[in-house]
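The lines below spell out each chain.
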Amino acid sequence: MQLYLILIIVVVLFVTFSAILRRYRRCPSDKILVIYGKTGKNNSAKCIHGGAAFIWPVFQSYSYLDLTPISIECNLTNALSKQNIRVDVPCRFTVGISTETDSMTNAAERLLGLNTEDIRNIATDILFGQLRLVIATMDIEEINADRDKFLANVSTNVEAELRKIGLKLINVNVTDIRDESGYIEALGKEAAAKAINDAKKSVAEQNRYGETGKAMADKDTRVNVASADADAVKGENNAKIEIANSDALRREKQAEAERLAVAAEKVQAAKALEEAYKSERDAELARAEREEATQKANIVVAAQIEKEKMIIAAEAEAEKLRREAKGEADAIFARMDAQARGAFEILSKQAQGFNQLVAAAGGDARDAITMLISDKLPELVKTQVEAVKGIKIDKVTVWDGGNAKDGKTATSNFISGLMGSVPPLQDLFNMAGMELPSYLKGKPAEDAAQPVEDVKAEKVEE
């Protein structure tokens with residue numbers, strides 16, 4: 001068992017170590033290792049050149065950027081120079097992904113996942129635009145004669161733009177420059193003609209020197225030599241006049257070209273200023289929209305949330321009131337139901353008692369009522385007695401004139417009248433809607449001696 005446990009631990013450690021080794025990546029010298037995912041607070045990616053790094057599983061992933069140089073041919077045509085003359089400038093650029101820290105980050109953000117052809121297309125657009133911009137700031141003489149200055153201007157402008165997407169300019173090669181108006185060709189012809197004229201002049205001067213020496217040696221030919229000298233001077237003057245005319249024409253052409261170039265430069269500056277104002281206007285409009293959205297988010301959303309809170313609170317209060325009302329209704333229903341059940345039980349028991357009482361009376365309801373009244377008779381008599389019980393008589397003065405009848409005195413009449421004020425049983429029964437039995441009613445004097453058996457018989461007959 002322990003051997004199995006040790007074997008399992010060894011296998012787990014081996015698998016874990018293998019997984020860690022598979023996540024450790026080394027960067028070749030001709031590539032850039034780009035780690036993206038969770039790389040830091042303010043970093044969209046981590047770029048490594050010439051090293052290695054551990055790639056955390058789940059949280060990070062990686063890819064490579066190729067450092068192989070990319071050759072781009074830019075055959076620029078109809079580019080407007082500073083002199084407002086359109087020229088063709090065929091160029092070939094060599095670019096590659098930069099290994100500088102900031103440039104590598106830009107390349108990881110903008111070029112990661114693109115193939116070489118896509119990168120070449122992006123760089124070509126940038127190169128064409130910057131090349132046109134450089135040519136618009138230079139004369140044709142500078143572009144054609146001072147190639148170092150032209151290449152320096154191209155490198156400065158192009159590298160600044162390429163650095164924004166993580167690229168670096170490696171080399172620029174410019175071949176023959178041509179223009180559609182033939183200005184460059186005319187400059188070449190002018191230079192060739194000037195060289196030829198200078199050569200001819202030199203030859204003429206050498207001939208003149210020879211002739212002069214010969215005239216000095218040969219006096220006979222002095223006149224001819226003098227004439228030749230005069231002709232030579234005349235020719236020289238004519239040549240100077242032609243040179244002066246050529247210089248004047250050149251200066252005139254140069255002034256005209258400078259005028260056109262200045263006008264074109266001002267036009268381009270005005271267009272650039274117009275585009276800048278337009279960009280600023282668009283930026284201000286975008287900022288205004290963002291401010292409006294921010295205000296809406298801060299005010300409208302907060303008001304909506306407060307409204308929803310009030311609605312929820314109102315619904316909760318209403319639900320609470322409904323539940324309390326339902327609870328009170330249930331309590332009232334239970335109380336009334338209990339009271340109804342109690343009353344039902346009391347009436348049921350009374351009905352059962354009445355049924356038993358009627359059964360005991362032989363099924364006669366009147367006899368049953370009589371038995372019930374007989375049972376309550378002591379309480380009725382007690383009630384009658386209580387009517388005069390509380391009367392206190394401190395002193396009774398009787399004025400008797402002797403006119404009493406039937407042997408009754410005034411005192412006895414007073415007492416009889418006082419007792420007569422008490423409601424008799426017959427009246428109590430009449431108010432209750434019942435009839436007092438005859439044996440409970442008062443009997444005449446002559447019937448007082450009637451036997452009890454007759455009274456019972458009378459009750460049975462009734």
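Keep in mind the model is a prediction, meaning the values are calculated, not measured. (Residues numbered from 1 in each chain as written. Predicted model: local features only at pLDDT ≥ 70, side-chain atom pairs only at ≥ 80, totals over all residues. Heavy atoms only, no water.)

Counting its regular elements, the protein chain contains 11 helices and 9 strands. When each of the 462 residues of the protein chain is scored for burial, the buried share is 17%. Considering only contacts in the protein chain between residues 6 or more positions apart, those separated by 24 or more positions represent 64%. When the accessible area of the protein chain is evaluated, it comes to approximately 33800 Å², of which 57% is carbon and sulfur surface. (Helix = DSSP H or I, 4+ residues; strand = E, 2+ residues; numbered from the N terminus. Buried < 20%, exposed > 50% of the residue type's maximum accessible area, 1.4 Å probe, protein only. Contact = heavy atoms within 4.5 Å. Areas by Shrake-Rupley, 256 points an atom, 1.4 Å probe, with all protein chains shown as cover.)

Across all of its chains, the model carries 13 salt bridges by this definition. As a salt-bridge pair, Arg110 and Glu109 come within 3.7 Å of each other at their nearest N and O atoms. Arg110 sits in the partly exposed class, given a relative accessible area of 44%. In this structure, Glu292 engages Lys296 in a salt bridge whose closest nitrogen and oxygen atoms are separated by 3.5 Å. Highlighted residues: Glu292 and Lys296, both in helix H7 (residues 222-360), separated by 4 residues, approximately one helical turn. (Salt bridge = Lys/Arg side-chain N within 4 Å of Asp/Glu carboxyl O.)

Taken in spatial order, the 3 strands of this open sheet run E3-E2-E5, and their pairing is antiparallel. Every other strand in the sheet has two partners, leaving strand E3 (45-48) and strand E5 (60-66) as the edge strands with one partner each. Across this sheet, the average inter-strand angle for adjacent strands is 25°, counted without regard to direction. In the sheet, strand E2 (residues 31-37) pairs with E3 via 4 bridges, with the strands oriented antiparallel. Bridge pairing in E3 links Leu33 to Ile48. Helix H2 (residues 101-110) contacts E2, E3 and E5 of the sheet and is inclined by roughly 125° relative to E3. (Pairing = 2+ DSSP bridges. Axes fitted to C-alpha atoms, helices over the stretch in contact; angles between N-to-C directions.)

Turning next to the state of the cysteines. All chains considered together, the criterion is met by 0 disulfides. As a non-bridged cysteine, Cys74 has Cys91 as the owner of its nearest cysteine sulfur, 7.1 Å distant. Judged by relative accessible area, which is 0%, Cys74 ranks as buried. The exposure class of Cys91 is buried, given its relative accessible area of 3%. (Disulfide = S-S within 2.5 Å.)

Next up on the list: the packing of aromatic side chains. For any two aromatic rings, the description comes down to two numbers: the centre-to-centre distance and the angle of the planes. Scanning the model with the defined rule gives 1 aromatic pair in all. Consider the rings of Tyr62 and Tyr64, whose centres lie 6.0 Å apart with planes at 80°: the pair is edge-to-face. A residue is classified by how much of its surface remains accessible, and Tyr64, at 32% relative accessible area, is partly exposed. (Phe/Tyr/Trp six-rings, centres within 6.5 Å; stacked < 30°, edge-to-face > 60°.)

A separate point is the nonpolar core. Residues Phe93, Ile135, Phe150 and Leu162 are the most contacted members of the largest nonpolar core, which totals 42 residues. Top element by residues in this core is helix H3 (residues 116-135). It accounts for 7 residues. Ignoring anything within four residues of it in the chain, the contact list for Leu162 reads Val95, Ala123, Ile126, Leu127, Leu167 and Leu169. Counting residues in hydrophobic clusters, the runner-up holds 6 residues, among them Cys27, Ile48, Ala53 and Ile55. (Core = buried A, V, L, I, M, F, W, Y, C linked by side-chain atoms within 4.5 Å.)

The next subject is the side chain of Thr94. Position of Thr94 relative to the elements: it lies in strand E7 (residues 86-97). According to the relative accessible area criterion, Thr94 is buried, its value standing at 19%. Ignoring sequence-local partners within four residues, the contact set of Thr94 consists of Pro69, Ile70, Ser71, Lys168, Leu169, Ile170 and Asn171.

We now examine the pairing of strand E6 (residues 70-80). When E6 meets E7, the two strands line up antiparallel, connected through 9 bridges. The residue of E7 that forms the bridge with Asn75 is Pro90. Two successive antiparallel strands, E6 and E7, enclose a turn made up of 5 residues, where Asn84 displays a positive phi of approximately 65°.

A few words on a nonpolar patch on the surface. Judged by side-chain polarity, Leu7, Val11, Phe14 and Val15 come together as a nonpolar surface patch covering roughly 400 Å² of accessible area. Mapping Val11 onto the fold places it in helix H1 (residues 2-22). (Patch = residues over 30% accessible without salt bridge, like charges linked within 9 Å, V, L, I, M, F, W, Y side chains within 5 Å.)

To continue, consider the side chain of Thr124. Tracing the sequence through the fold places Thr124 in helix H3. Separated by 2.6 Å, the side chain of Thr124 and the backbone oxygen of Arg120 make a polar contact. (Polar contact = N/O pair within 3.5 Å; in protein donor to acceptor, adjacent residues only side chain to side chain.)

Where H3 contacts helix H5 (residues 147-163), the two axes come as close as 9 Å, and the packing angle between them is 140°. Relative to H5, the element H3 is oriented oblique. The two elements H3 and H5 cross, and the hand of that crossing is right-handed. Between H3 and H5, the contacting residues are Ala123, Ile126, Leu127, Gln130, Leu131, Leu133, Val134 and Ile135 on the first element and Phe150, Asn153, Val154, Asn157, Val158, Glu161 and Leu162 on the second. Its residues assigned to classes, the contact of H3 with H5 shows 11 nonpolar, 3 polar and 1 charged. (Parallel < 35°, antiparallel > 145°, perpendicular 65-115°, else oblique. Left-handed = near helix turned anticlockwise from the far one by under 90°. Nonpolar A, V, L, I, M, F, W, Y, C, P; charged D, E, K, R; others polar.)

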